[in-house]
Amino acid sequence: MSPAARLRGLKPDWISDLKVWRTEVLGGLVVALALIPEAISFSIIAGVDPALGLFASFTMAVVISIVGGRRAMISAATGAVALVIAPLNREHGLGHLIAAVILAGVFQIALGALGVARLIRFIPRSVMVGFVNSLAILVFMAQVPEMRDVPWAVYPLIAAGLALMVFFPKVTTVIPAPLVSIVILTAITVGAAIAVPTVGDKGELPSSLPVPGLPDVPFTLDTLTTIAPYAFAMALVGLMESLMTAKLVDDITDTPSNKTRESIGQGIANIVTGFFGGMGGCAMIGQTMINVKVSGARTRLSTFLAGVFLMVLCIVFGPIVSDIPMAALVAVMVMVSFATFDWHSIAPKTLKRMPAGEISVMVITVICVVATDNLAIGVVVGSVTAMVIFAKRVAHLAEVTAVVDPDGSTVVYRVTGELFFASSNDLVGRFDYPSDPDRVIIDLSAAHIWDASSVAALDAIEIKYAQRGKSVEIIGLNNPSADLHGKLTGELAGSH
């Protein structure tokens, strides 16, 4: 194969597709416009200069577009990360915050290499639905302050923006409706000199590119012990939000993504961001939904261009961007929240058919996320709740039936189901120790031993029979159960 043919084979299929380019470029532009006020807002939450949030959004988007595992997902400065690192900045200063961002990136690379990303498959669907719905609620709630104590003109502008995004796609989908809405509302407010809050009111936009450098901290063990807890918390929150968002995009686009690569990519992006003086970040659900669901982007190009356009808009077109009314961006985010919410999950028809346990898990996830403003807490609490409900349900699936031989010398107990810590606790009480004949057979051919608790329960049963001078024979173990039983029987404390 010639070098030219080999190079053609390495190029993505869409590289020569003008329609894809148009979708990706316009999608990246819409995301960049939506990123600016959010990045500034998150900077304020973290207690840092707005430029640090904007720099973080630029470097995160550009780097993750190259090293990340999920195509078309947007990573930038986020509120979840801002909340975690705000106390560190408040108590120890900006230098420690930047150092924590770099260390968080190192932690994320290590966690990715250890395979933590694979744990995402243990998150139940009910938690995922709760995550999506709570995310939609948070996106909407974040817009509420922009609709309080504002000039009356803001409300018709938001309504007009929503109307444009609903009806414009019926005319054409060549240009994303959010971009059309932003341009038209900006032209109206500037042309008619309508005094409403603008992007410029959020904070000053940077006028130059970020410059790489080391964090201004003493490189000592004391510094490391100070920043490590914050860095680890940021790494976990960032990974969880990014992996959950990646899984959501997988479902929307019906395409798989490499979660381990995404974890390592998030770490690399945060390290680069730290060295460029940014506040760090992770995947952004709102902007990702704009890019994937509203704009229809599917490649890394839109993610890369979102970061590039962000800096171009700030540095080259700063005065114009500053004039964009917040009402236009609020309308975009309200539309995103509406599109993100899984309305089917709360339809009466769905709720009637759904098991009560799964509805409870979904509701608990939503309540925890909305109450704490932290997606990671909601996902953890929801997953633990789902596991408890599952364990309780499975615990009752272990059945024991007894058959006595006609001659009365032997009894066979047939155990059916899964034996683990929850079900095996009741197992010991299911045998008739005083009345059974001298020979007892426990048939486990229709059961499976999962843990040490089950082995300990079987040992306890044998001991109770032995105390009465009766023998026990365990038969029918499958290979994994036999291996576990062989290793642990008689070795567990409390089984003698």
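Here, the structure is the one placed above.
Note that the coordinates shown come from a computational prediction; the quantities given were computed from them, not determined experimentally.

### Notes on the packing of helix 11 (residues 285–294) against helix 14 (residues 326–340)
For step 1, the next point in the chain: As a packed pair, helix 11 and helix 14 sit with axes 10 Å apart at the nearest point and diverge in direction by 75°. Of the possible angle classes, the one that applies to helix 11 and helix 14 is roughly perpendicular. Across the interface between the two elements, Gly-286, Gln-287, Met-289, Ile-290, Lys-293 and Val-294 from helix 11 touch Val-332, Met-333, Val-336, Ala-339 and Thr-340 from helix 14.
For step 2, the next point in the chain: Grouping the amino acids of the contact of helix 11 with helix 14 by side-chain chemistry returns 7 nonpolar, 3 polar and 1 charged.

### Points about the sheet that holds strand 5 (residues 439–449)
For step 1, the next point in the chain: Taken together, the 4 strands give an open sheet; going across it, the order is 3-4-5-6, and neighbouring strands pair in mixed fashion. In this open sheet, the two strands that pair with only one neighbour each are strand 3 (399–404) and strand 6 (471–475). Recorded for the sheet is a direction-independent mean angle of 20° between the axes of neighbouring strands.
For step 2, the next point in the chain: Two elements, strand 4 (residues 410–419) and strand 5, share 9 bridges in a ladder whose sense is parallel. Residue pairing for strand 5: Tyr-413 is matched across the bridge by Ile-442.
For step 3, the next point in the chain: Its contacts with the sheet place helix 19 (residues 452–466) against strand 4, strand 5 and strand 6, and it is angled at close to 175° to strand 5.

### Observations regarding unusual backbone geometry
For step 1, the next point in the chain: Positive phi, normally seen in glycine, also occurs at Ala-72, with a value near 75°.
For step 2, the next point in the chain: A relative accessible area of 2% means that Ala-72 is categorised as buried.
For step 3, the next point in the chain: The phi dihedral of Ala-193 is positive, around 55°, even though this residue is not glycine.
For step 4, the next point in the chain: Summarising the element assignment, Ala-193 is placed in the loop between helix 8 (177–191) and helix 9 (221–253).

### Quick look at the pairing of strand 3
For step 1, the next point in the chain: By the bridge criterion, 6 bridges tie strand 3 to strand 4 in an arrangement that is antiparallel. If you follow Glu-399 over to strand 4, its bridge partner there is Thr-416.
For step 2, the next point in the chain: Counting the residues that bridge the hairpin from strand 3 to strand 4 gives 5 residues, and of these Gly-408 lies at a positive phi of roughly 75°.

### Quick look at the nonpolar core
For step 1, the next point in the chain: Core analysis: the biggest nonpolar cluster contains 104 residues, and Ile-36, Leu-54, Phe-131, Met-279, Ile-290 and Leu-310 have the highest contact counts within it.
For step 2, the next point in the chain: Here this core gets 12 residues from one element, more than from any other, and that element is helix 2 (residues 18–46).
For step 3, the next point in the chain: Not counting residues within four places of it along the chain, the set of residues in contact with Ile-290 comprises Val-30, Val-31, Ala-34, Ser-295, Val-332, Met-333 and Val-336.
For step 4, the next point in the chain: Counting residues in each nonpolar core, the second largest holds 22 residues, with Leu-427, Leu-444, Ala-447 and Ala-457 among its members.

The rules behind the values
Residues numbered from 1 in each chain as written. Predicted model: local features only at pLDDT ≥ 70, side-chain atom pairs only at ≥ 80, totals over all residues. Heavy atoms only, no water. Axes fitted to C-alpha atoms, helices over the stretch in contact; angles between N-to-C directions. Helix = DSSP H or I, 4+ residues; strand = E, 2+ residues; numbered from the N terminus. Parallel < 35°, antiparallel > 145°, perpendicular 65-115°, else oblique. Contact = heavy atoms within 4.5 Å. Nonpolar A, V, L, I, M, F, W, Y, C, P; charged D, E, K, R; others polar. Pairing = 2+ DSSP bridges. Buried < 20%, exposed > 50% of the residue type's maximum accessible area, 1.4 Å probe, protein only. Core = buried A, V, L, I, M, F, W, Y, C linked by side-chain atoms within 4.5 Å.

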